[in-house]
Amino acid sequence: MDELRVLIIDDHALLGESLARFLGSSGMQAIWRGDLGQAMQSIRDQSWSVVLLDVSMPQGSGLDLLKRIKHMHPELPVLMLSMHPEQQFALRALRGGAAGYLTKGCSPDVLVEAIHKVVQGGRYLTPGVAEHLANYMNEGEVAEIPHARLTDREMQVFMRLVEGKSVNQVAEELHISCKTVSTHKTRLMHKLALDNDADLVRYAMHQGIVS
């Protein structure tokens, strides 16, 4: 079997470099990129077996980047890594084209197993994600957490607002108008039954989305 080439996209240098060293010792060629621009350049210029992508990136949501990667290379498997519990983003990531979703607390053996499985064309679902997905499909309902009802665009706005970004900053990052951002904000606040920005941040902290 050819050597697996793994691109790690994570803004935490210590974790990214540690993952690269570990995967290298496991017989893979692993490269870490902490900058989104450099990461996208690597995806454009080089061939990869799999991408390990952090859900939370300071320069933009990992879920946004997932869509860009799948648009460029639909067949390239992407494993999402996150500090957030599986019920927070796993279903959204899978709907966005991710081949699997792992929390950063998983064991090294699980990570290696997941990489090999998705490279072979499969999906890697932990028992928790599989159960959550089964409940979602069987009941035909949106997951029980309120922000699961947000559209992808509303979620993009939500993630940036709880990071403390202004409406103008969100508009600039998403390349949409401030009026459109405000409309999405109004809708997501209504869906989450929140009244103001302080409530929004408290909700995100309670859900473990921000610390």
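Residues numbered from 1 in each chain as written. Predicted model: local features only at pLDDT ≥ 70, side-chain atom pairs only at ≥ 80, totals over all residues. Heavy atoms only, no water.

Caption draft 1: Inspection of the overall build of the chain at higher detail. Counting its regular elements, the chain contains ten helices and five strands. Residue burial in the chain is summarised as follows: out of 211 residues, 46% are buried. Excluding contacts between residues fewer than 6 apart, the proportion of contacts in the chain whose partners are at least 24 apart in sequence is 62%. (Helix = DSSP H or I, 4+ residues; strand = E, 2+ residues; numbered from the N terminus. Buried < 20%, exposed > 50% of the residue type's maximum accessible area, 1.4 Å probe, protein only. Contact = heavy atoms within 4.5 Å.)

Caption draft 2: Here's a closer look at the packing of helix α8 (residues 167–174) against helix α9 (residues 178–191). At a minimum axis separation of 8 Å, α8 and α9 run at an interaxial angle of 110 degrees. For the element pair α8 / α9, the angle class is roughly perpendicular. The residues of α9 that touch α8, namely those facing Val167, Asn168, Val170 and Ala171, are Cys178, Val181 and Ser182. (Axes fitted to C-alpha atoms, helices over the stretch in contact; angles between N-to-C directions. Parallel < 35°, antiparallel > 145°, perpendicular 65-115°, else oblique.)

Caption draft 3: Quick look at helix α1 (residues 13–25). Between the first and last C-alpha of α1 there are 18 Å, a value that for 13 residues agrees with the 18 Å anticipated at 1.5 Å per step. Within the sequence span of α1, burial applies to Gly16, Leu19, Ala20 and Leu23. Looking straight down α1, one finds that the buried residues subtend no more than 100 degrees of arc, so they occupy a single side. The exposed set on the far side of α1, more than 90 degrees from its buried face, consists of Leu14, Arg21 and Ser25. Among the structural elements, β1 (5–9), β2 (29–33), β3 (50–54), β4 (78–82) and α5 (108–119) are those in contact with the buried residues of α1. Positioned one or two residues after α1, Gly27 has a phi angle of 90 degrees, which is positive. (Expected span 1.5 Å × (residues − 1). Arc of directions from axis to C-beta.)

Caption draft 4: Examining the sheet that holds strand β5 (residues 100–103) more closely. One open sheet holds the five strands; their spatial order is β2-β1-β3-β4-β5, and the pairing between them is parallel. With partners counted over all chains shown, the strands left at the sheet margins are β2 and β5, one partner each. Strand-to-strand twist across the sheet, computed as the mean angle between neighbouring axes with direction ignored, equals 20 degrees. Relative to β3, β1 is paired through four bridges, and the arrangement is parallel. Looking at β3, one finds that Ile9 is bridged to Leu53. Strands β3, β4 and β5 of the sheet are contacted by α5, whose axis makes an angle of about 130 degrees with β3. (Pairing = 2+ DSSP bridges.)

Caption draft 5: Quick look at the environment of Leu200. Mapped onto the secondary structure, Leu200 falls in helix α10 (residues 197–206). On a C-alpha basis, the gap between Leu200 and Val162 in space is 6.8 Å, while along the polypeptide they are 38 residues apart. Not counting residues within four places of it along the chain, the set of residues in contact with Leu200 comprises Phe158, Leu161, Val162, Leu188, Met189, Leu192 and Leu194.

Caption draft 6: Region of the structure containing the confidence of the model for the chain. Mean pLDDT for the chain: 85, with 89% of residues reaching 70 or above. Mean pLDDT across the elements of the chain bottoms out in helix α6 (residues 127–139) (64) and peaks in β1 (96). (pLDDT = per-residue confidence, 0-100.)

Caption draft 7: Molecular detail of the environment of Gly97. Residue position: Gly97 is located in the loop between α4 (86–95) and β5. Classification of Gly97 by relative accessible area gives partly exposed; the value is 23%. Taking C-alpha positions, Gly97 is 8.4 Å from Pro74, a pair spaced 23 residues apart along the chain. Apart from the residues lying within four places of it in its own chain, the contact partners of Gly97 are Leu66 and Lys70.

Caption draft 8: Up close: α10. Every buried residue of α10 is accounted for by Asp199, Leu200, Tyr203 and Ala204. Each buried residue of α10 lies within a common arc of 135 degrees when the element is viewed along its axis, so the set occupies one face. Turned more than 90 degrees off the buried face of α10, the exposed positions are Arg202 and His206. For α10, the N-terminal cap is Asn196; the gap from its side-chain oxygen to the backbone nitrogen of Ala198 is 3.2 Å. Just past α10, the residue Gly208 takes up positive phi, approximately 80 degrees. (Polar contact = N/O pair within 3.5 Å; in protein donor to acceptor, adjacent residues only side chain to side chain.)

Caption draft 9: Molecular detail of the side chain of Ser42. Counting through the fold element by element, Ser42 comes out in helix α2 (residues 36–45). Looking at Ser42, the relative accessible area reads 5%, which means it is buried.

Caption draft 10: The arrangement of the packing of aromatic side chains in detail. Taken as a whole and judged by the stated rule, the model has one aromatic pair. Geometry around Trp48 places Arg5 over its ring, the cationic atom sitting 4.3 Å from the centre. (Phe/Tyr/Trp six-rings, centres within 6.5 Å; stacked < 30°, edge-to-face > 60°. Lys NZ or Arg CZ within 6 Å of the ring centre and 35° of its normal.)

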